[in-house]
Amino acid sequence: MFELKLFNNKTLYIAGSHTARDWYDDVTKVPFWVDLKNAERYKQAKRIIDLNPGKVKNVVGHSLGSSVALELLKNYDDIKNSRVY
């Protein structure tokens, strides 16, 4: 199972919570939108986007991945679309 996957160099898929750290971030950061940029899943997604500058145009997320996808959409001008579940 994957947590993050870049498909066709333009769509980033972000899975929901899998690890204990994900569950912690899910409970402490998402409900109150404290600072999702400090969530491990956000940091992983940011790393992928930074390694592929200007390529990621779409983000798809589920559960915690949805929150991360929306935060990425807000913070990266290159990302134009999101699908969240």
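Computed from a predicted structure; not experimentally measured.

Some words on the side chain of Asp25
Counting through the fold element by element, Asp25 comes out in helix 1 (residues 20–28). On the basis of relative accessibility, which here comes to 0%, the residue Asp25 falls in the buried class. When near neighbours in sequence (up to four residues on either side) are disregarded, Asp25 contacts Val30, Ala39, Glu40 and Arg41.

A few points about the sheet that holds strand 1 (residues 4–7)
Strand pairs in the sheet, formed through backbone hydrogen bonds, run parallel or antiparallel to each other. Reading across from one edge, 1-2-3-4 is the order of the four strands in this open sheet, with mixed pairing throughout. Each edge of the sheet is formed by a strand with only one pairing partner; in this case those strands are strand 1 and strand 4 (81–84). With direction set aside, neighbouring strand axes in the sheet form an average angle of 15°. With four bridges joining them, strand 1 and strand 2 (residues 11–14) adopt antiparallel strand pairing. Bridging from a neighbouring strand, Leu6 pairs with Leu12 of strand 2. The sheet strands contacting helix 3 (residues 64–75) are strand 2, strand 3 (58–61) and strand 4, and the helix crosses strand 4 at an angle near 165°.

Parameters and conventions
- Residues numbered from 1 in each chain as written.
- Predicted model: local features only at pLDDT ≥ 70, side-chain atom pairs only at ≥ 80, totals over all residues.
- Heavy atoms only, no water.
- Helix = DSSP H or I, 4+ residues; strand = E, 2+ residues; numbered from the N terminus.
- Buried < 20%, exposed > 50% of the residue type's maximum accessible area, 1.4 Å probe, protein only.
- Contact = heavy atoms within 4.5 Å.
- Pairing = 2+ DSSP bridges.
- Axes fitted to C-alpha atoms, helices over the stretch in contact; angles between N-to-C directions.

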